Amino acid sequence: MSEEKVLRFILGDQLSRDLSSLSDAVPGRDVIFIAEVMGEATSVRHHKKKIAFLFSAMRHFANDLRADGFDIDYLALDDAGNPGTFGAALADAVRRNDAHRVVMTEPSEFRVLNDAQTWREELSVDLEIRTDTRFLASHEDFVSWAVNDKGQQPKTLRMEYFYREMRRRTGYLMVDGGPEGGQWNFDSDNRKALPDKIRIPVRPGFEPDGTTRAVMDLVARRFASHFGDLEPFDHPVTRADALAYLEWFIAEALPGFGDWQDAMKQSEPLLFHSHLSAMINCGLLGPRECCDRAVAAWREGQAPLNAVEGFVRQIIGWREFIRGVYWLKMPDYADANALDATRQLPGFFWTGDTEMNCLRQAVTETKANAYAHHIQRLMVLGNFCLLAGIDPKQVQEWFLIVYWDAYEWVEMPNVVGMALYADGGFLASKPYAASGAYINRMSDYCAGCRFDVKQKAGEKACPFNYLYWNFLSANEGTLRQNHRMGLIMGSLGKMAPERLEEIKADSSRFLEGPEMRTGWTHV
Ligand code: FAD
Ligand code: DLZ
Ligand code: SF4
């Protein structure tokens, strides 16, 4: 058995040397198979930068393994006879390499895991699917935390309690069995608006090498009609560059990460954010090593506790929780639409062509960078889709297409549960709905907008202002059941009927107006 050749199939988001499917790989005996396939690159029409990033990272990962003595079977997109799907490519690779067995790590997405079960039946050899040990909580860990002894799922789950459990388990920022600083969560310190004069750290760029250039040519040729700008491209695509980027973040941006986590600034897409999600999600960086580095920076006095706790919470709390919810709730979660939202996603989500400056900024930056930070995603783009009642399926597809870190397991709960409240409050204790006042408080966008954030009604009024109340009124029946909405629903109840009519009229004018009419005019 030990002399039998094993084919180790590695997917594009599994570019980690500590991957479970590589744990017992034998150089000189086994073959590592990595495949660029059209079926994946077009499962949705991914942003050009995302495809370029991932294909380049896949090719570099293969080169690194080759340099360590592994036999690599790398199927490039343009290779003659590339069959275009994982299943067919894997079957070809088994034959080509005369493999006795296939080992892989579980795919991160439901769709691909389902496909993998069918490969098992179709392949002439055994296929072993191993747990993805890069996550800190296994599926079993999450289920045993979330589901009661009788196997019943709760009506709601709250990240905060899961996070505390993860803090205890990992020991991150723990002292004498309790949280460092006497608090589990420093979120209330992390909502500051940016002062006018603040030095925003300048990011290092990574010059594309020959491998990246070749991939960029490929993407320019084969995916020309996909959304987004391919150039400039200066992202880390190797493990070494990703580590250098992590070190840069820890030294330069982490100290400000907490204070300015929720802030937004015109033409400053990154601020103090880590910009590491794509590297963590595809495996170039491990979630543990990112937290280890942040906690070490705090211990060495290089970053304050509110920043480090906030960063660790995003990774061991939110990231793991989101994944747990995805696997607990799939496949039904994909169709969740608790608020019966049916409106078409407006065309300006693809062009940025809107007079609402906050949305124009977020879409334009997304198109250029395949990135927007969390508050832009949640409180500008997501908030707008929530208030305007956009069909969750269309919102999901948009978010899956446009971000370089987007994989269904992480995109879907963030869109369905966090941004749209489409799961009826399973993941979020109340809708993240906000009027223009929130965006004005947290950004400098409103100063450059043709709408007036202070006006509540009429042509010049900020659309978020009336859409907010229109949303509460349209969903009154559902939202009244949420005790955290009690105060605001009380205010809605006391609103003069004429004022409510005015809100509805403004909302109809906007929602039926030219900006919204362009519909799902996707590239
Ligand atoms: P930072 O702000 O620096 O945060 C540090 C790290 O924490 C991130 O790199 C990420 O690994 C993790 N993290 C933070 N928040 C979340 C979260 N809510 N869920 C999971 N991980 C989190 N994240 C994705 O990785 N892929 C997606 O497709 C994705 N889609 C989203 C869609 C919507 C509607 C919303 C509201 C959020 C989405 N997020 C997604 C979560 C979050 O916005 C991104 O992880 C973050 O903006 C990435 O930028 P960063 O690396 O600079 O993060
Ligand atoms: C996102 C993506 C793209 C665009 N292309 C590929 C590919 O050609 N080959 C590959 O192995 N992975 C790709 N990926 C990432 C996969 O979509 C991701 O690994 C699976 O969906 C996880 O279930
Ligand atoms: Fe956005 Fe309203 Fe501010 Fe314009 S005024 S930037 S639409 S929040």
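## Concerning the overall build of the protein
So, step 1. Each helix and strand counted, the protein has 22 helices and seven strands in total.
So, step 2. Computed over the C-alpha atoms, the radius of gyration of the protein is 24 Å, within 12% of the 24 Å expected from 2.2 N^0.38 for a compact globule of 523 residues.
So, step 3. Taken over the C-alpha atoms alone, the protein extends approximately 80 × 55 × 55 Å along its principal axes.
So, step 4. Buried positions account for 59% of the 523 residues belonging to the protein.
So, step 5. Taking the contacts inside the protein whose residues are at least 6 apart along the sequence as the reference set, 78% of them involve residues at least 24 apart.
So, step 6. Here the protein holds 59 positive side-chain charges and 73 negative ones, and the gap between their average locations is 5 Å.

## Quick notes on the sheet that holds strand β5 (residues 126–130)
So, step 1. Spatially, the five strands line up as an open sheet ordered β3-β2-β1-β4-β5, and their pairing is parallel. Both edges of this open sheet fall to β3 (71–75) and β5, since each of them pairs with a single strand only. Direction aside, the axes of adjacent strands within the sheet are offset by 25° on average.
So, step 2. Two strands pair when backbone bridges link them, and strand β2 (residues 31–35) and β3 are joined in this way by five bridges, in the parallel orientation. Looking across to β3, one finds that Val-31 is bridged to Asp-71.
So, step 3. Contacts between helix α4 (residues 110–122) and the sheet are confined to β1 (6–10), β4 (101–105) and β5, with β5 contributing the most and set at about 155° to the helix.

## A few points about the site of ligand 1
So, step 1. As a structural note, the neighbourhood of ligand 1 is formed by 29 residues, with His-273, Ser-274, His-275, Asn-281 and Tyr-371 the closest of them.
So, step 2. At a separation of 2.8 Å, an oxygen atom of ligand 1 approaches a polar side-chain atom of Asn-281.
So, step 3. Within the side chain of Gln-314, an N or O atom sits 3.3 Å from a nitrogen atom of ligand 1.
So, step 4. For ligand 1, whose unbound accessible area comes to 820 Å², protein coverage reaches 99%.

## Structural notes on the packing of aromatic side chains
So, step 1. Applying the stated criterion across every chain, the model contains 33 aromatic pairs.
So, step 2. Here Phe-142 and Trp-145 contribute two aromatic rings whose centre-to-centre distance is 5.6 Å and whose plane-to-plane angle is 55°, an arrangement assigned as tilted. Taken together, the positions of Phe-142 and Trp-145, both in helix α5 (residues 139–146) and three residues apart, correspond to about one turn of that helix.
So, step 3. The exposure class assigned to Phe-142 is buried, which follows from its relative accessible area of 3%.
So, step 4. According to the relative accessible area criterion, Trp-145 is partly exposed, its value standing at 25%.
So, step 5. Between Phe-162 and Phe-321 the ring centres are 5.9 Å apart and the planes differ by 45°, which places this aromatic pair in the tilted class. Within this pair, whereas Phe-162 is found in helix α6 (residues 159–170), its partner Phe-321 is found in helix α11 (residues 305–329), the two being separated by 159 residues in sequence. Each member of the pair, Phe-162 as well as Phe-321, is classed as buried.
So, step 6. What links up through ring pairs into an aromatic cluster is the set Phe-227, Phe-348, Phe-349, Trp-350, Phe-384, Trp-398, Phe-399, Tyr-403, Phe-464, Tyr-466 and Phe-510.
So, step 7. When the ring centre of Tyr-407 is taken as reference, the NZ or CZ atom of Lys-50 above it lies at 5.4 Å.

## So, the pairing of β2
Along any regular strand the residues' side chains alternate between the sheet's two faces.
So, step 1. With five of five residues buried, β2 is to be regarded as a mostly interior element.
So, step 2. Inspection of the sheet shows β1 paired to β2 by four bridges, in the parallel sense. When the sheet's bridge partners are listed, Ile-10 is paired in β2 with Ile-34.

## Some thoughts on the site of ligand 2
So, step 1. Of all residues adjacent to ligand 2, which total 18 residues, the nearest are Asp-13, Ala-35, Val-37, Glu-40 and Glu-109.
So, step 2. Note that a nitrogen atom of ligand 2 is positioned 2.7 Å from one of the backbone N or O atoms of Ala-35.
So, step 3. Here an oxygen atom of ligand 2 and a side-chain polar atom of Glu-109 are 2.7 Å apart.
So, step 4. Within the residue set of the shell around ligand 2, elements represented by two or more residues are α1 (38–41), α2 (48–67) and α4.
So, step 5. A total of three residues in the shell around ligand 2 trace back to one element, the largest contributor, which is α2.

## Structural notes on the domain arrangement of the protein
Size of an interface: often given as the accessible area lost when the parts come together.
So, step 1. What the domain assignment reports for the protein is domain 1 (6–130), domain 2 (139–202 + 240–329) and domain 3 (348–517).
So, step 2. Taken together, the contact pairs 12 residues of domain 1 with 15 residues of domain 3.
So, step 3. Summing both partners gives a buried area of about 1,100 Å² for domain 1 against domain 3, and 59% of it is carried by carbon and sulfur.
So, step 4. By the criterion of area lost to domain 3, the three top residues of domain 1 are Val-44, His-47 and Lys-50, representing 45% of everything that side buries.
So, step 5. On inspection of domain 1 and its partner domain 3, the count reaches zero salt bridges.
So, step 6. Our count for the contact surface shared by domain 1 and domain 3 stands at seven residue pairs in polar contact (both at pLDDT 80 or more).
So, step 7. When the residues that make up the side of domain 1 that touches domain 3 are grouped by side-chain class, the tally is four nonpolar, three polar and five charged.

## As for the pattern of salt bridges
So, step 1. Counted under the stated rule, the structure contains 38 salt bridges.
So, step 2. Measuring nitrogen to oxygen at the nearest pair gives 2.9 Å for the salt bridge that ties Glu-309 to Arg-313. With Glu-309 and Arg-313 both in helix α11 and four residues apart, this pair spans about one turn of that helix. Each member of the pair Glu-309 and Arg-313 is classed as buried.
So, step 3. When salt bridges that share partners are traced, they join Arg-8, Asp-24, Arg-29, Asp-30, Arg-101, Glu-128 and Arg-130 into one network.

## Overview of the nonpolar core
So, step 1. If you look at the biggest cluster of nonpolar residues, it comprises 168 residues, and the most contacted ones within it are Phe-53, Leu-254, Leu-276, Leu-359 and Phe-384.
So, step 2. Counting residues per element, this core draws most heavily on α11, at 14 residues.
So, step 3. Those residues in contact with Leu-276 that sit more than four places away from it in its chain are Tyr-245, Leu-246, Phe-249, Leu-285, Cys-290 and Phe-311.
So, step 4. Core analysis: the second largest hydrophobic core is formed by 22 residues, Val-31, Phe-86, Met-104 and Leu-127 among them.

Cut-offs used in this document
- Residues numbered from 1 in each chain as written.
- Chains lettered and ligands numbered in written order.
- Predicted model: local features only at pLDDT ≥ 70, side-chain atom pairs only at ≥ 80, totals over all residues.
- Heavy atoms only, no water.
- Helix = DSSP H or I, 4+ residues; strand = E, 2+ residues; numbered from the N terminus.
- Rg over C-alpha atoms; globule rule 2.2 N^0.38 Å.
- Buried < 20%, exposed > 50% of the residue type's maximum accessible area, 1.4 Å probe, protein only.
- Contact = heavy atoms within 4.5 Å.
- Lys, Arg positive; Asp, Glu negative; His and termini not counted.
- Charge placed at Lys NZ, Arg CZ, Asp CG, Glu CD.
- Pairing = 2+ DSSP bridges.
- Axes fitted to C-alpha atoms, helices over the stretch in contact; angles between N-to-C directions.
- Near = heavy atom within 4 Å.
- Polar contact = N/O pair within 3.5 Å; in protein donor to acceptor, adjacent residues only side chain to side chain.
- Areas by Shrake-Rupley, 256 points an atom, 1.4 Å probe, with all protein chains shown as cover.
- Phe/Tyr/Trp six-rings, centres within 6.5 Å; stacked < 30°, edge-to-face > 60°.
- Lys NZ or Arg CZ within 6 Å of the ring centre and 35° of its normal.
- Domains from an automatic or database assignment.
- Buried area = accessible area lost by both parts, 1.4 Å probe.
- Salt bridge = Lys/Arg side-chain N within 4 Å of Asp/Glu carboxyl O.
- Nonpolar A, V, L, I, M, F, W, Y, C, P; charged D, E, K, R; others polar.
- Core = buried A, V, L, I, M, F, W, Y, C linked by side-chain atoms within 4.5 Å.

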